[in-house]
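Understanding the architecture of this molecule
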Amino acid sequence: MGSRAVRHPVFARLYARASHAMEAEVGPHRDRLLAGLSGAVLEVGAGNGLNFAHYPTGVTRVLAVEPEPYLRNLAREAAARAPCPVDVADGVAERLPADDGTFDAAVASLVLCSVHDPEAAMSELYRVVRPGGELRFYEHVRAESPRLRRVQRTLDATVWPRFTGGCHAHRDTVTAITRAGFSIDRLDGVRVPDTRISVPTSPHVIGSATHP
Ligand SMILES: C[S@@+](CC[C@H](N)C(=O)[O-])C[C@H]1O[C@@H](n2cnc3c(N)ncnc32)[C@H](O)[C@@H]1O
């Protein structure tokens, strides 16, 4: 898909507000996502930069790629307050602005649901991580329950992507990660929000995978 523009002006403003309101619940997941990382990290679809405050001290630099202009500006503000050097760049997951094997790790959080071409995005993440490096992911995924899967499929085919910045509820992201060549080391299921009644994007995974 090349560098197809990502512009969601209404969703971007809503996400910027709602994401802060969710941080009491999501913040600890961001800590788990990033714990123990070190060296150079590429973060794809960084949004308004809410991960930046959670990078551990071993991380020496972050290249944060964000295509949506409103969110990218907010990410630049967040980068100025980050505990490690963060460069924020325009770009899309399907064509990352980075050379082969130049990162010790890549991070995808709440973004693989929204990319236009998941296969191309995964192949790019695989390309930029060095052999032996890792992919960390925190994503909402296809449900286990057939009933919720049906709801997710129906929403994806109708209104959901239009009102959520191109998000898809029914993506099988874990399979996409392994198909790209990564080998999963850790995979934990979590519900967000952690409520008794499910919303279409309740099932999440947090995990890590190695580029063999
Ligand atoms: C739900 S937000 C998540 C933001 C951030 N990663 C977080 O954890 O809060 C989804 C992000 O994916 C970005 N995005 C959408 N399509 C993309 C693409 N093709 N490549 C990279 N990022 C994309 C959006 O602009 C948005 O910032």
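Below you will find a few notes about this structure. (Residues numbered from 1 in each chain as written. Predicted model: local features only at pLDDT ≥ 70, side-chain atom pairs only at ≥ 80, totals over all residues. Heavy atoms only, no water.)

A few words now on the site of the ligand. Around the ligand, a shell composed of 18 residues is seen, among which Tyr-15, Arg-30, Gly-45, Glu-66 and Ser-109 lie nearest. Between the ligand and the protein, one listed contact pairs a nitrogen atom with a backbone N or O atom of Gly-45 at 2.7 Å. Contact between the ligand and Ser-109: an oxygen atom at 2.5 Å from a side-chain N or O atom of the residue. Within the complex, 96% of the 590 Å² of free accessible area of the ligand lies under protein. (Near = heavy atom within 4 Å. Polar contact = N/O pair within 3.5 Å; in protein donor to acceptor, adjacent residues only side chain to side chain. Areas by Shrake-Rupley, 256 points an atom, 1.4 Å probe, with all protein chains shown as cover.)

So, about the side chain of Asn-51. Of note, Asn-51 is situated in the loop between strand S1 (39–44) and strand S2 (59–65). Residue Asn-51 is classed as buried on the basis of its relative accessible area, which comes to 2%. Polar side-chain contacts of Asn-51 include one of 3.0 Å to the side chain of Ser-109. Beyond its immediate stretch of four places on either side in the chain, Asn-51 contacts Arg-30, Leu-33, Leu-34, Glu-43, Val-107 and Ser-109. (Helix = DSSP H or I, 4+ residues; strand = E, 2+ residues; numbered from the N terminus. Buried < 20%, exposed > 50% of the residue type's maximum accessible area, 1.4 Å probe, protein only. Contact = heavy atoms within 4.5 Å.)

Examined against the element boundaries, Ser-202 turns out to sit in the loop between strand S6 (183–191) and strand S7 (203–210). Those residues within four positions of Ser-202 in sequence are excluded, and the remaining contacts are Val-190, Arg-191, Val-192 and Pro-193.

A few words on the pattern of salt bridges. Counting across every chain of the model gives eight salt bridges. The partner of Asp-90 in a salt bridge is Arg-72, with the nearest N and O atoms 3.1 Å apart. Of this pair, Asp-90 sits in the loop between strand S3 (86–89) and strand S4 (103–109) while Arg-72 sits in helix H3 (residues 69–80), and the two are 18 residues apart along the sequence. Overlapping salt bridges bring together Arg-32, Arg-186 and Asp-188 as one network. (Salt bridge = Lys/Arg side-chain N within 4 Å of Asp/Glu carboxyl O.)

This next bit is on the sheet that holds S4. Ordered by their spatial adjacency, seven strands build an open sheet running S3-S2-S1-S4-S5-S7-S6, and the pairing between neighbours is mixed. A strand with exactly one partner marks an edge of an open sheet, and here the two such strands are S3 and S6. Neighbour-to-neighbour, the strand axes of this sheet turn through a mean angle of 15 degrees, independent of strand direction. Across four bridges, the pairing between S1 and S4 is parallel. Looking across to S4, one finds that Val-41 is bridged to Ala-105. (Pairing = 2+ DSSP bridges. Axes fitted to C-alpha atoms, helices over the stretch in contact; angles between N-to-C directions.)

Attention shifts here to the packing of helix H1 (residues 9–21) against H3. Their axes nearest at 8 Å, the elements H1 and H3 cross at an angle of 35 degrees. Residue-level contacts link Ala-12, Arg-13 and Ala-16 of H1 to Tyr-70, Leu-71 and Leu-74 of H3. Looking at the contact of H1 with H3 residue by residue, the class counts come to five nonpolar, no polar and one charged. (Nonpolar A, V, L, I, M, F, W, Y, C, P; charged D, E, K, R; others polar.)

Here we come to H3. The end-to-end C-alpha separation of H3 is 17 Å, in line with the 16 Å expected for 12 residues at 1.5 Å each. Of all the positions in H3, only Leu-71, Arg-72, Ala-75, Ala-78 and Ala-79 are classed as buried. Seen from one end, H3 has its buried residues packed into an arc of 115 degrees, which puts them on one side. If you follow the buried residues of H3, they end up packed against H1 and S3. For H3, the N-terminal capping position is held by Glu-68, with its side-chain oxygen 2.9 Å away from the main-chain nitrogen of Tyr-70. (Expected span 1.5 Å × (residues − 1). Arc of directions from axis to C-beta.)

Tracing the backbone shows Asp-188 in strand S6. For Asp-188, a relative accessible area of 27% gives the class partly exposed. Linking Asp-188 and Leu-42, residues 146 residues apart in sequence, is a C-alpha distance of 22 Å. Discounting chain neighbours no more than four positions away, the residues touching Asp-188 are Arg-32, His-204, Val-205 and Ile-206.

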